[in-house]
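Overview (structure and organization)
Listed below are the residues making up each chain.
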Amino acid sequence: RKAYEGIIQMRKEFKTPVRNEGCSNLADFTEAPEVVRFQTLVSLMLSAQTKDTMTAKVMRKLRSNGLTLEKIIETETKSLSQEIYGVSFHNNKAKYIKKVAEILKEKYNSDVPRDYKALLKLPGVGPKMALLFMKSCYGEIHGIAVDTHVHRISNWLGWVETKTPEQTRKELESFLPEEVWPGVNGNLVNFGHTICKPVNPQCGKCKIVHLCPTGSKKLKLNHGSQTKTPLNQEETQTNLKRKKEEDKKPRKKHAKNQEEP
């Protein structure tokens, strides 16, 4: 509980793109509600393994050309793939988005259903996307949305010992009170962008590092290397000085060289 509260506090101090360019903010809210819901779902599908800034860029491009369910159905898959170029797996995502649009028109009256389980049956839509969509568009919380940041940080903090995001979601939901579920994704994603980065995490700036077994170990190792470095430098300088003094001393000729011919 203390670690999570510390993460919330740190979020207030550091700004990241997720605050303004998160998928829940990328739809055109001047459009009809069903269009907003469709655009939000598309943004979530585009965001998988893609940076928020790139997702926002591609969404702006799609919206400028008219991002509606009908427009997507009319667009050739190849053309759609070119439009969303920049996001990861753009070819597959183009196929999924087009197929989802067709299913929504055929089964759900051209709208995204208010049904978490139905969302999971749509191609290219996983638990994280479905959970974030239900929260953003219908204000319903069906669980904790777990992405790579939430999965990594939960393991580093020692909250869970899991191998997949889905395993992490189930573990977190088993012990975290439901009242904190809505904010877990946003808080940990922000933390993962600013402090607890996947590469070179800023453990020295983290205010909960004393509660993190991974961070504490990292700092201990770094401290050990920092205290050891001057000793190595001093030893090297001493050895060089000793070597120079030895080089200045006259060397004795080898006994064989001292023999008379």
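Residues numbered from 1 in each chain as written. Predicted model: local features only at pLDDT ≥ 70, side-chain atom pairs only at ≥ 80, totals over all residues. Heavy atoms only, no water.

**Some points on the confidence of the model for the chain**
- Mean pLDDT over the chain: 85, with 82% of residues reaching 70 or higher.
- At the level of individual helices and strands, the chain shows its lowest average pLDDT in helix α2 (residues 17-21), which scores 54, and its highest in helix α7 (residues 90-107), which scores 97.
- Note on residues 225-240: pLDDT is under 50 here. Beyond four places in sequence and across chains, it has zero contacts.
- Below pLDDT 50 for its whole length, residues 252-261 participates in one contact with residues either more than four positions away or in separate chains. (pLDDT = per-residue confidence, 0-100. Helix = DSSP H or I, 4+ residues; strand = E, 2+ residues; numbered from the N terminus. Contact = heavy atoms within 4.5 Å.)

**As for helix α12 (residues 181-194)**
- Here α12 contains 14 residues, and its C-alpha end-to-end distance of 21 Å stays within 8% of the 20 Å for a straight helix at 1.5 Å per residue.
- Taken across its 14 residues, α12 has eleven buried, putting it largely inside the fold.
- Those residues of α12 lying buried are Trp181, Val184, Asn185, Gly186, Asn187, Leu188, Val189, Asn190, Phe191, Gly192 and Thr194. (Expected span 1.5 Å × (residues − 1). Buried < 20%, exposed > 50% of the residue type's maximum accessible area, 1.4 Å probe, protein only.)

**Side note on a positive patch on the surface**
- On the surface, Lys57, Arg60, Lys61 and Arg63 cluster together into a positively charged patch.
- Positionally, Arg63 belongs in helix α4 (residues 52-64). (Patch = residues over 30% accessible without salt bridge, like charges linked within 9 Å, V, L, I, M, F, W, Y side chains within 5 Å. Areas by Shrake-Rupley, 256 points an atom, 1.4 Å probe, with all protein chains shown as cover. Salt bridge = Lys/Arg side-chain N within 4 Å of Asp/Glu carboxyl O. Lys, Arg positive; Asp, Glu negative; His and termini not counted. Charge placed at Lys NZ, Arg CZ, Asp CG, Glu CD.)

**Examining the side chain of Arg152**
- Structurally, Arg152 is set in helix α10 (residues 148-156).
- Among the polar contacts listed, one links the side chain of Arg152 to the side chain of His149, at a separation of 3.3 Å.
- A distance of 2.5 Å separates the side chain of Arg152 from the backbone oxygen of Cys196, its partner in a polar contact.
- For Arg152, the contacting residues outside a window of four places in its chain are Gly192, Cys196, Lys197 and Pro198. (Polar contact = N/O pair within 3.5 Å; in protein donor to acceptor, adjacent residues only side chain to side chain.)

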